[in-house]
Amino acid sequence: MSQADLVWDVQAELGEGPVWSARERCIWFVDIKGRKLHRYAVDDGAKRSWDTPDQTGFALPAEDGSLICGVRTGLHRFDPATGAFTRVAEVEPDRPQNRLNDGFIAPDGALWFGSMDDGESGVSGALYRYRDGVLTRHDDGYRITNGPALSPDGRTLYHHDSALQRIYAFDHHDGFLTNKRVFADVTGGYPDGPSVDADGILHVSLFNGGGVARYSPTGARLADIALPVVTVTKAAFGGDDLRDLYCTTAWLGNADKRAEQPTLGGLYRVRVDRPGLPQALFRW
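What this report covers is the structure whose coordinates are included nearby. (Residues numbered from 1 in each chain as written. Predicted model: local features only at pLDDT ≥ 70, side-chain atom pairs only at ≥ 80, totals over all residues. Heavy atoms only, no water.)

**Looking at the side chain of N254**
Then step 1. For N254, the position within the fold is in the loop between β23 (244-249) and β24 (267-271).
Then step 2. Among the polar contacts listed, one links the side chain of N254 to the side chain of T231, at a separation of 2.8 Å.
Then step 3. With sequence-adjacent residues up to four places away left out, N254 is seen in contact with N208, V230, T231 and L264. (Helix = DSSP H or I, 4+ residues; strand = E, 2+ residues; numbered from the N terminus. Polar contact = N/O pair within 3.5 Å; in protein donor to acceptor, adjacent residues only side chain to side chain. Contact = heavy atoms within 4.5 Å.)

This is the structure we're talking about:
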């Protein structure tokens, strides 16, 4: 495992949601509080940014070349060619205090994502699945949602309540969840965005923990991956062999540390020993 390299000193207030697009050979990610969508091309280091219409928790690639984005007002389709955001589904009109946070695309092309109280005080967050135009709420009562992520065999779905420093696991079958249970209670930081590698090791970013915690499928904590900044928000596998771990970071809540950690909010890359899982594409 190599040291973490800074690939874009983007100074994101709340960087989140890195995702690998093999077709474009780039990493997409967002700055939720900065209301930005960023694109980093891995071959030449080209960088491009777009304004988002509101706080956006994730931007994930779709089969048609667009992105499905979790904007505060609902799910939006983003067209990279025009820069246009178009709302396709309203989410939680009855919970105006909420915003959308983390999400991922399952191998069947479905979107899973969470919501949360933007003030991080209420327990109004929920876990959703969106497929074929149908939005389904699968769990409720979260303060700060992060994830979900799916095991390589598709049988276990992981989801966090970061405020509780807790990772939950569910049995997953054909888009349905059962048997919610505590997978791990996290120490040394707050569990943020997760990803799973090909061996089923859960990689959990640590908000205010300075790295990425690794958990075996049994919930045992393995060796952490250290980063040179305190606030890591999500780690995602990319590159041709899926062994480049791209990590978003943030200076939110740590403005007093920016003098000693001036690259807080940057996008980092760590070369790891084992590959991640291929990135699935959303199906409209």
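**A closer look at the side chain of T156**
Then step 1. Along the chain, T156 falls in strand β15 (residues 156-161).
Then step 2. Under the relative-accessibility criterion, T156 is labelled buried at 16%.
Then step 3. Apart from the residues within four sequence positions on either side, T156 is in contact with A149, L150, S151, A169, F170, H172 and R181. (Buried < 20%, exposed > 50% of the residue type's maximum accessible area, 1.4 Å probe, protein only.)

**Re the packing of aromatic side chains**
Then step 1. Overall, the coordinates contain 12 aromatic pairs when judged by the stated rule.
Then step 2. Each ring, one from Y158 and one from F183, has its centre 4.9 Å from the other, and the planes form 65 degrees; the classification is edge-to-face. With a gap of 25 residues between them, Y158 in strand β15 and F183 in strand β17 (residues 176-185) connect regions that are remote in the sequence.
Then step 3. Here Y158 falls in the buried class, since its relative accessible area comes to 3%.
Then step 4. Owing to a relative accessible area of 13%, F183 belongs among the buried residues under this scheme. (Phe/Tyr/Trp six-rings, centres within 6.5 Å; stacked < 30°, edge-to-face > 60°.)

**Considerations on the pattern of salt bridges**
Then step 1. Applying the stated criterion across every chain yields a total of 25 salt bridges.
Then step 2. The residue R39 makes a salt bridge to E24 at a minimum N-O spacing of 3.8 Å. Highlighted residues: R39 in strand β4 (residues 36-41) and E24 in the loop between β2 (15-21) and β3 (26-31), separated in sequence by 15 residues.
Then step 3. Residue R39 is classed as partly exposed on the basis of its relative accessible area, which comes to 21%.
Then step 4. What makes E24 partly exposed here is its relative accessible area of 25%.
Then step 5. One salt bridge in this structure joins R99 and D118, with 3.0 Å as the shortest N-O distance. (Salt bridge = Lys/Arg side-chain N within 4 Å of Asp/Glu carboxyl O.)

**Some thoughts on the nonpolar core**
Then step 1. With 32 residues, the main nonpolar core has L37, L75, L111 and F113 as its most contacted residues.
Then step 2. Secondary structure elements with two or more residues in this core: β3, β6 (56-61), β7 (67-71), β8 (74-79), β9 (84-90), β10 (98-105), β11 (111-117) and β12 (125-131).
Then step 3. Ranked by the residues each element gives to this core, the list is headed by β7, at four residues.
Then step 4. Formed by 15 residues, the second largest nonpolar core is a distinct cluster that contains V212, I225, V270 and V272. (Core = buried A, V, L, I, M, F, W, Y, C linked by side-chain atoms within 4.5 Å.)

**A short note on the state of the cysteines**
Then step 1. Using the criterion set out here, one finds zero disulfides in the structure.
Then step 2. Here C69 stays free of any disulfide, with the sulfur of C26 as its closest cysteine sulfur at 13 Å.
Then step 3. Of all cysteine sulfurs, the one in C26 lies closest to C247, which takes part in no disulfide; the gap is 17 Å. (Disulfide = S-S within 2.5 Å.)

**Here we look at the pairing of β3**
Then step 1. For β3, the buried fraction is high: six of the six residues fall into the buried class.
Then step 2. Side chains C26, W28 and V30 of β3 all project onto a buried face; the interleaved residues I27, F29 and D31 project onto the opposite face, where all are buried too.
Then step 3. Sheet topology note: the β2/β3 ladder contains five bridges and is antiparallel. Residue pairing across strands places V19 opposite W28, the latter belonging to β3.
Then step 4. Here β2 folds back onto β3 in antiparallel fashion, the turn holding four residues, of which R25 has a positive phi close to 55 degrees.
Then step 5. Judged from the six bridges that link them, β3 and β4 form a sheet pairing that is antiparallel. From the neighbouring strand, W28 faces β4, where its bridge partner is R39. (Pairing = 2+ DSSP bridges.)

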